[in-house]
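Take a look at the letters that make up each chain.
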Amino acid sequence: NEAVAVQHRVLQASHMEKALNAHLLRAGGMAQFHSCFPDFPEQGFYLMYVRLWIHPEKQKTVYNEPLMLISMFLEQELPDAYHQQQLSDTELLLVISEQAFETCRKKMDFLIENINREEEGYEIHCFASNLQNHLEKVPEAYLQVRNMEGFFFDKGDKQVCVMEEGFANPEAKISIS
């Protein structure tokens, strides 16, 4: 039933928001989260933060809700992404298991390069946390990717910027310690 599916997605978004903001430790928070995300990849996951910049003065083509188009593309191209959540009109968050990360990163690199090269007026950047192994680490991983955006160094970057051993690595080389 479509209404039940929509209601489930709303509950998931609410519980993910609690996880991002470290509110799961309150009474019953973890149990509620696990009821919405029974297969959450706690034993190895990355958060991938996608930020779309829109430059109206450069736009040749105007898209209605461009992040929604990107989100639909990612749902189709990244079926292994565990969870996808739109945070705002320009921000998207993906939860990706350790096993699916490399494939997802390569597909995101392709998307970033194509949008940044082909779509004047639109620019996309993507930041990935380092590998996390506990649900309680979701807020830390979220803070990592948000801080990486704040310190972003190259507006022409064409790859996912991955947190590596505490440092942002623009070459997106992954080393797991």
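Residues numbered from 1 in each chain as written. Predicted model: local features only at pLDDT ≥ 70, side-chain atom pairs only at ≥ 80, totals over all residues. Heavy atoms only, no water.

Regarding unusual backbone geometry
And then number 1: Positive phi outside glycine occurs at Ala 22, with the angle close to 60 degrees.
And then number 2: Looking at the secondary structure, you find Ala 22 in the loop between helix 1 (2–20) and helix 2 (29–36).
And then number 3: With relative accessibility at 49%, the residue Ala 22 sits in the partly exposed group. (Helix = DSSP H or I, 4+ residues; strand = E, 2+ residues; numbered from the N terminus. Buried < 20%, exposed > 50% of the residue type's maximum accessible area, 1.4 Å probe, protein only.)

Side note on the nonpolar core
And then number 1: Core analysis: the biggest nonpolar cluster contains 26 residues, and Met 48, Leu 74, Ile 96, Met 108 and Val 160 have the highest contact counts within it.
And then number 2: When residues of this core are traced back to their parent elements, those giving at least two are strand 1 (45–54), helix 3 (66–77), strand 3 (91–97), helix 4 (98–118) and strand 4 (122–128).
And then number 3: By size, the runner-up hydrophobic cluster in this structure holds 22 residues, among which are Leu 20, Tyr 49, Phe 127 and Ala 141. (Core = buried A, V, L, I, M, F, W, Y, C linked by side-chain atoms within 4.5 Å.)

As for the pairing of strand 3
Regular strands place side chains that alternate from one sheet face to the opposite one.
And then number 1: The element strand 3 is extensively covered by neighbouring structure, given that 7 of its 7 residues are classed as buried.
And then number 2: Neither face of strand 3 is open: one carries Glu 91, Leu 93, Val 95 and Ser 97, the other Leu 92, Leu 94 and Ile 96, and all of them are buried.
And then number 3: Pairing geometry for strand 1 and strand 3, over 7 bridges, is antiparallel. Within strand 3, the position partnered with Tyr 46 by the bridge is Ile 96. (Pairing = 2+ DSSP bridges.)

A look at the pairing of strand 2 (residues 81–86)
And then number 1: The sheet contact formed by strand 2 and strand 3 spans 5 bridges and is antiparallel. Paired with Ala 81 across the strands is Ile 96, a residue of strand 3.
And then number 2: In this antiparallel pair of consecutive strands, strand 2 and strand 3, the connection spans 4 residues.

As for helix 4
And then number 1: Between its first and last C-alpha atoms helix 4 spans 30 Å; for 21 residues at 1.5 Å apiece the expected length is 30 Å, and the two agree.
And then number 2: By the largest-angle criterion, Cys 104 marks the main kink of helix 4, which is about 25 degrees.
And then number 3: Considered for burial, the residues of helix 4 that qualify are Ala 100, Phe 101, Cys 104, Arg 105, Met 108, Asp 109, Leu 111, Ile 112 and Ile 115. (Expected span 1.5 Å × (residues − 1). Bend = angle between axes of the 7 residues up to and from the residue.)

Here we look at the pattern of salt bridges
And then number 1: The full count for this structure, using the stated rule, is 6 salt bridges.
And then number 2: The residue Asp 109 makes a salt bridge to Arg 105 at a minimum N-O spacing of 2.6 Å. A residue pair is termed a helical-turn pair when its members lie 3 or 4 positions apart in one helix, as Asp 109 and Arg 105 do in helix 4 at 4 residues. No difference in accessibility class separates Asp 109 from Arg 105, as the two residues are buried.
And then number 3: Residue Glu 113 is joined to Arg 117 by a salt bridge in which the shortest nitrogen-to-oxygen separation is 3.5 Å. You can see Glu 113 and its partner Arg 117 sitting in helix 4, 4 residues apart, about one turn around the helix.
And then number 4: On the basis of relative accessible area, Glu 113 is assigned to the partly exposed category, the value being 34%.
And then number 5: Judged by relative accessible area, Arg 117 falls into the partly exposed class, the value being 45%.
And then number 6: Each of Glu 102, Arg 105 and Asp 109 takes part in one network of salt bridges that share partners. (Salt bridge = Lys/Arg side-chain N within 4 Å of Asp/Glu carboxyl O.)

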